[in-house]
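Letter by letter, the chains look like this.
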Amino acid sequence: MNSGRQPLQLALTLLLCSRIATAAEVVKIGGIFDQEDDRLAKAFSLAVDRVNRDMGDLESATFRAKIARVLPKDNLAASRHVCDMLREKVVAFVGPTSDSVKEYLKSVAATFNIPHFSTDFEILERRAPYTLSLHPDLQSLSRLLRDIVEDKKWRKIAVIYDSDDVLIILKDVLTYGFNQSLADVLLYPFDEELSFEKMLKDIGSQQHYNLIVGLQPERAKQLLLASQGLHSSFYNAYLILDLDFHAVSMSGARMENYFANVTLIRLADPHREDVKAQQSQKTAAPYANAPGLHLSLWKPTPNPFDELEISHFSTEEALIYDAVTLIAHSVLSLLRMNAISFQKVNCNKTGSRWDYGQALLDNLKEVTVRGLTGDVRLDRSGKRDAFSFDILEINRTSEVWAYRKSVVWEPRSGLIKRKGEEVEVDKEFSVDGMVLRVVTAPNEPYTIIDETKTGQDRFSGYAIDLIKMLAERANFTPEFYIVADGAYGSHQGNGVWNGLIGDLMKHTADIAIVDLTTTAERESVVDFTTPFMSTGISILFRIPEMQPPSLFSFMHPFSIVVWFYTLTTYILITLGTYMLGRFTPYEWVPSHPCDPDSEPENQFSTLNNCFWFTMGSIMQQGSDLVPRAVSTRTLASLWYFFCLILISSYTANLAAFLTAARMSNPIESANDLAKQTDIAYGAKDGGSTQRFFQNSNNSVYKRMWAYMESTKPSVFPKDNDEGIQRVLKGKYAYLMEATSIEYLVERNCNLTQVGGLLDNKGYGIATPQGSPVRNILEHHLIIMQEFGVLQELKQLWWKAPENPCVRSKDDSAEMTMDSLGGVFLTLVVGVLFGLLVGIFEFWWDKSQAPYGERQHILVEFFREFMMVITCTGSRPNPENEGSSEADDVSKKSSP
Ligand code: GLU
């Protein structure tokens, strides 16, 4: 048994001895870095120290940094260092950053089976088999940028770049823009000759306000600082591509005046808890002055953590640190499995290679470590597998320039907001203390320019006062200026706008105000507040000329219908009087007053008399004919009354017609305008009124537009003043907004508004699209509206100090049957009443006679009636009545 155990004990002892022998291994990692940049070499060295301290199983392995620093294109020097390192049994290479040496190292790694870590992504998919990168790959990066742009809904994007690699990274953004026409992308190569302000203005003038900055960090910083000096910079948005921009000190930036949205991307989070923990454990381990250090031109300090501010490590430094950590982990795990050994490789000998290189390469793709850039893991193809990017936004809650993490991006999930990770919400935007440029255009009473004054004192008017009131409430200082082309803003084609709207789009102004109508077309390129005044299109026209009274103006008080009715009534009443006068017995009186038996006579028995009687009363002169019977008196009274009203009305109206000349207005509405060609009409050129007619589907307005468009010379005045002058000259109607008309007619007695409103709209204050100023203005505007301040302000500017034109209402309109119909009706009723009374009188008279002396009352009535209408005979003397029928007939002489 014992003898059997001896070989086993020997084997165990040998294994132990070999383990101890392995424990003594010094594992060397080669670092090749650019001579000009010692940060990466420092980070490399620091990482090796860290792994020795944290993970180094000192009994099994100690890691040594073998560092070489070469000039960027010095492949010869690099090859010397590499051969030395291979001889020194390095297990892996890390670096460099310069392209030429990197390519060389890739081929060396593949030739001698030494794993190589590069610090950036592969632009070309052709991958060297032994070269690995912990940098997220190009596809992921490109997708990340596209996701951000899509998430932010950017439509107009400019890319400013100083390296063509930027365009490769932006591959997906450009595809998104160009192929799907979702975004308009402007590529702007960085120009060293130009200032940053100039470049920003160039880009802004093309209305590309969302800027992707693919510049070196220092240039990106200068760009942001330059954007502070530009007005309206606060509504630009920047996306900085440099992964290390978060660590750039923004000294010189004035956070209180900076309102642009700045977005950054970060791979390595220096504030992560585990990273901070590493920082706090400053290493006590002496720097390993490893053999082969003579290769290095860099002299490390004893305590590198004092030198390297870990909170400001760059992505490259972090990736080097992580690569070393990964290598150390992998080597240690292979050592523990006894699956690795180290050997010299002769770079001058063909076929010489490290036998365990493949094993290490495979193992590197299996282990996962927690590094400065998060979890570090490679997939089978050697690409970084697990990583996430932090999306940072500028933090406005901070007094100093700072960022906050808003979103995390992962290759599998895209943009994700992690609960609890979002730092404080932005403080509310404020214009407190800011100077805001306000563009306006002269148009009384909105903006009035006093040429005798200078500077800001030149400006007055409703719009100016309104902005001043808003400025007082929101505590900003307005700086007014007049738009260069005097236009309000209309689309000139190709996305270019002129006037106030154009200035807002070019970001030369922060606010635009005047009688600027809110229209859907304008709203698509700028933002509007709620309307501060509502209005609509109407017609400004010259008050018609006074006309001399015509020859027959005495006829004008009554319409022709009234005249006709009057004449007819006159005739009918005359006939009525004639009939009633003859009919009633009480109009028949003895011809000799002292002889009751004398032949009876009747003053109304001739039509001539009756016409005279009624005419006398119309003419207010009377006649010597006096009705005696109640019936005729009733009729006459009503007729007198009728005449009284008719004549009074006529006289009252006549005065107006004879003294004031009649005004005639040929245009009463837009329809009237459309129907004629004698009077020209038009609207302000480039204004919303012109646009209204241009876009209208209404047949009348379409016809009007066809006329306006085709008329030469143009019927579109440049501004309202020109329009008003044309109206005053005559034969021109100006289609204008009612509020402006209201102001004008209050002051100019020759102008008037014709017709009602053709539409309803309002004036708003405009700001550039996305400007936070809009909300602030709107908030105060609503309050001012609620408290009636806007109404008061309007009163102040609209009410003329004294009304120069006392407009008498046109009281000389002819009277119609509507107003005189009642008089006619009264007359009719009166006549009927008179008839009834006449019949009663007849009955009464006949009923006094004994029955034998008269016939039946109806026969008597019929007889009398026939006598009246045949106009024959005179009233028989009651004494002679009944003596003979033939006598009766003879005594009734014709009238
Ligand atoms: N308020 C109009 C505009 O904003 C100008 C005047 C008009 O077109 O009548 O365009």
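Residues numbered from 1 in each chain as written. Predicted model: local features only at pLDDT ≥ 70, side-chain atom pairs only at ≥ 80, totals over all residues. Heavy atoms only, no water.

An unreviewed UniProt entry lists the protein chain under the name Glutamate receptor ionotropic, kainate 2, from Galendromus occidentalis. UniProt, in its Sequence similarities (unreviewed entry) section for the protein chain, records the words "Belongs to the glutamate-gated ion channel (TC 1.A.10.1) family." Turning to the protein chain, the UniProt annotation filed under Subcellular location (unreviewed entry) states: "Postsynaptic cell membrane". (UniProt positions renumbered as here; feature names shortened; annotations may be inferred.)

A. Structural context of the side chain of Thr566. Here Thr566 is to be found in helix α17 (residues 560-583). Here Thr566 falls in the buried class, since its relative accessible area comes to 9%. Excluding residues within four positions of it along the chain, Thr566 makes contact with Leu646 and Phe824. (Helix = DSSP H or I, 4+ residues; strand = E, 2+ residues; numbered from the N terminus. Buried < 20%, exposed > 50% of the residue type's maximum accessible area, 1.4 Å probe, protein only. Contact = heavy atoms within 4.5 Å.)

B. Just the packing of aromatic side chains, in detail. Throughout the structure, instances matching the rule amount to 37 aromatic pairs. Plain terms: the ring middles of Phe389 and Trp409 are 6.2 Å apart, the flat faces sit at 45° to each other, and that makes the pair tilted. Here Phe389 is found in strand β13 (residues 389-394), whereas its partner Trp409 is found in strand β14 (residues 403-410), with 20 residues between them in sequence. The same class applies to Phe389 and to Trp409, which are both buried. Centroid distance Tyr565 to Phe824: 5.8 Å. Interplanar angle 65°. Geometry classified as edge-to-face. Note that Tyr565 is positioned in helix α17 and Phe824 in helix α27 (residues 817-848), a separation of 259 residues in sequence. Owing to a relative accessible area of 38%, Tyr565 belongs among the partly exposed residues under this scheme. Classification of Phe824 by relative accessible area gives buried; the value is 8%. (Phe/Tyr/Trp six-rings, centres within 6.5 Å; stacked < 30°, edge-to-face > 60°.)

C. Structural view of a nonpolar patch on the surface. Taken together, Leu567, Ile571, Leu572, Leu575 and Leu607 make up a surface patch of nonpolar side chains, about 420 Å² in accessible area. The leading source of residues in the nonpolar patch is α17, at four residues. As for its position among the elements, Leu572 is in helix α17. (Patch = residues over 30% accessible without salt bridge, like charges linked within 9 Å, V, L, I, M, F, W, Y side chains within 5 Å. Areas by Shrake-Rupley, 256 points an atom, 1.4 Å probe, with all protein chains shown as cover. Salt bridge = Lys/Arg side-chain N within 4 Å of Asp/Glu carboxyl O.)

D. Spatial organisation of empty space enclosed by the protein. If you walk through the whole model with that rule in mind, you get five cavities of 30 Å³ or more. Taken as a whole, the largest cavity holds about 140 Å³ of empty space. Of all elements in the fold, only α21 (688-695) and β29 (732-737) reach the threshold of two or more residues within the lining of the largest cavity. Tallying contributions element by element places β29 first for the lining of the largest cavity, with four residues. For the lining of the largest cavity, the per-class residue count stands at six nonpolar, seven polar and four charged. (1 Å grid on protein atoms, 1.4 Å probe; cavity = no way out; pocket = protein on both sides within 12 Å on 5 of 7 lines; lining within 4 Å. Points joined across faces, edges and corners; volume = space filled by probe spheres on them. Nonpolar A, V, L, I, M, F, W, Y, C, P; charged D, E, K, R; others polar.)

E. Representation of the site of the ligand in the model. Taken together, Tyr488, Asp515, Leu516, Thr517, Arg522, Lys684, Gly687, Ser688, Thr689, Glu737 and Tyr763 are the residues near the ligand. The contact in question runs from an oxygen atom of the ligand to an N or O atom on the side chain of Arg522, over 2.8 Å. Here an oxygen atom of the ligand and a side-chain polar atom of Thr689 are 2.5 Å apart. At a threshold of 2 Å from the grid points, most atoms of the ligand map onto the largest cavity. In the shell around the ligand, the residues fall into three nonpolar, four polar and four charged. (Near = heavy atom within 4 Å. Polar contact = N/O pair within 3.5 Å; in protein donor to acceptor, adjacent residues only side chain to side chain. Sits in = over half its atoms within 2 Å of the grid points.)

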